[in-house]
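Structural overview for review
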Amino acid sequence: MKLGFFTMPIHPLDKDWRVSLQEDREAFLLADELGFSEAYVGEHVTDKAENITSCVAFLAWIAAATKQIKLGTGTVNMPNVHPATVAATIAMLDHMLDGRLIFGISPGGLLSDAELFGTLERDRNAMFLEAINQVLQIWASEPPYNIEGQFWNITTQKTLMADIGQGFIGRPLQRPHPPIVVTAVAPFSKGVTEAAARGWDPISANFLMPMWVKSHWPKYVEGCERVGRTVDFNNWRVAKSVFVAEDMATAKAYATDPDSPYVYYYRSLFTKLKRNGRIELFKTRRDQPDDEVTLESVCDKLIIYGTPDSVADQILALQDEVGRFGTLLYAGKDWSDRELGRRSMILMAEQVMPRVTAGTR
């Protein structure tokens, strides 16, 4: 099992934006130093707490400061951006990273973003599919482009000057394109099946109950078998909220106290999902009444914390419950205590993962 990093950072509303951005940057640089295999960052435009507004801009900021880690967009919210912009910026970023880019995509889940971009009442899944199809077509085509769609039309026919390069959209360094991943947030996700059939790989979100994470694997297998693709558990990534400390008392307090950054994270998600009618993501069974789902039950089920031995045992138990997967994505949180936040990542890499690797069954 490999160790990666995924952050959809949720910071205190009154935290200096410069401080939170530097903190997030430091977490990525630390992950690189510790040998994490890959790291992803999310984006939202209209959220004061989730305040990284462009994953492409953030990754460009840290590209030259990282050495070996693969960096991923987690995710580009495709309906919010013109496909030609996505194609051009992702291609450039892949070159900046010397081919270390993973292209994470999604329809976007933040409703205030959808309202902002005028897509709240539109079919964002259809927009997502058209957008990624057009991006891939751009990369596979020669100018002048002539790509017509329901939502976007793309052409440089009238203004092409091929002899001097005008009217050309750049291609990624990786051919035919960077690896594509999708984040799965729904139980029994049909999107996982469709992604697998297209050669893309899934990330199971860190705010899904383990039984719903488990439901993603059969859907991945279904998509692979449909097109004759080799089924490989190494292509499955599972994100999880984890905190590690030298002693259990410190770990429990930092992960579960009411003012804990972990509880703050899930309080924010719980509030959003409940108000948007999506509380089912936090249910342990589909017929569970909404009022049985509490913040306390969510935190109890979704946060792994403890000493290195305890955390390793919990990760192995998670693997037993959901099935084997290739990469555990350590889900980043606000560093309300910088030293504890850093130390948790260090312990995770240096003490937990060797125990997990030794105990993998």
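Heads up: the structure comes first, above all this text.
Overview of the structure.

Thresholds applied
- Residues numbered from 1 in each chain as written.
- Predicted model: local features only at pLDDT ≥ 70, side-chain atom pairs only at ≥ 80, totals over all residues.
- Heavy atoms only, no water.
- Helix = DSSP H or I, 4+ residues; strand = E, 2+ residues; numbered from the N terminus.
- Axes fitted to C-alpha atoms, helices over the stretch in contact; angles between N-to-C directions.
- Left-handed = near helix turned anticlockwise from the far one by under 90°.
- Contact = heavy atoms within 4.5 Å.
- Nonpolar A, V, L, I, M, F, W, Y, C, P; charged D, E, K, R; others polar.
- Patch = residues over 30% accessible without salt bridge, like charges linked within 9 Å, V, L, I, M, F, W, Y side chains within 5 Å.
- Areas by Shrake-Rupley, 256 points an atom, 1.4 Å probe, with all protein chains shown as cover.
- Salt bridge = Lys/Arg side-chain N within 4 Å of Asp/Glu carboxyl O.
- Phe/Tyr/Trp six-rings, centres within 6.5 Å; stacked < 30°, edge-to-face > 60°.
- Buried < 20%, exposed > 50% of the residue type's maximum accessible area, 1.4 Å probe, protein only.
- Lys NZ or Arg CZ within 6 Å of the ring centre and 35° of its normal.

Phi is mostly negative for residues that are not glycine, and the peptide bonds are mostly trans. Thr-75 follows Gly-74 through a cis peptide bond whose omega is 15°. Relative to the helices and strands, Thr-75 resides in the loop between strand E3 (70–73) and strand E4 (76–77). For the bond running from Pro-143 to Pro-144, omega is 5°, close enough to zero to count as cis. Following the sequence through the fold, Pro-144 ends up in the loop between helix H5 (124–140) and strand E6 (146–148). Despite not being glycine, Asp-98 has its phi angle at roughly 55°, a positive value. With a phi close to 50°, Phe-188 is a non-glycine residue in the positive phi region.

Looking now at the packing of helix H6 (residues 190–197) against helix H8 (residues 216–227). The N-to-C vectors of H6 and H8 enclose an angle of 35°; their axes lie 7 Å apart at closest approach. The chirality of how H6 crosses H8 is right-handed. Contact residues: Lys-190, Val-192, Thr-193, Glu-194, Ala-196 and Ala-197 in H6; His-216, Lys-219, Tyr-220, Glu-222, Gly-223, Cys-224, Arg-226 and Val-227 in H8. Within the contact of H6 with H8, the residues separate by chemical class into six nonpolar, three polar and five charged.

Moving on, we get to a nonpolar patch on the surface. Judged by side-chain polarity, Val-45, Leu-116 and Phe-117 come together as a nonpolar surface patch covering roughly 250 Å² of accessible area. Note on placement: Val-45 falls in the loop between strand E2 (38–41) and helix H2 (55–63).

Aromatic ring pairs: the centre-centre distance and the angle between the two ring planes describe each pair. In the structure shown here, the tally under the stated rule is 17 aromatic pairs. A ring pair is formed by Phe-5 and Phe-36, whose centres lie 6.5 Å apart and whose planes are at 75°; its orientation type is edge-to-face. With Phe-5 in strand E1 (residues 2–7) and Phe-36 in the loop between helix H1 (17–33) and E2, this pair connects stretches of sequence that are 31 residues apart. In this pair, the class of Phe-5 matches that of Phe-36, namely buried. Where Trp-236 meets Phe-325, the ring centres are 6.1 Å apart and the plane angle is 75°; that geometry is what we call edge-to-face. Taken together, the residues span a long stretch of sequence, with Trp-236 in the loop between H8 and strand E10 (237–244) and Phe-325 in the loop between helix H12 (308–322) and strand E12 (327–331) at a distance of 89 residues. An identical accessibility class is assigned to Trp-236 and Phe-325; each is buried. Feature note: the residues Phe-5, Phe-28, Phe-36, Phe-58, Trp-61 and Tyr-330 constitute an aromatic cluster, connected by ring pairs. Above the face of the Trp-61 ring, Arg-25 is positioned so that its terminal group lies 5.1 Å from the ring centre. Its end group placed over the ring of Tyr-265, Lys-333 keeps NZ or CZ at 4.2 Å from the ring centre.

Tracing the backbone shows Leu-93 in helix H3 (residues 83–96). Placed 241 residues apart in sequence, Leu-93 and Asp-334 show a C-alpha to C-alpha distance of 26 Å. Once residues within four sequence positions are removed from consideration, Leu-93 is found in contact with Val-56, Leu-59, Ala-60 and Leu-101.

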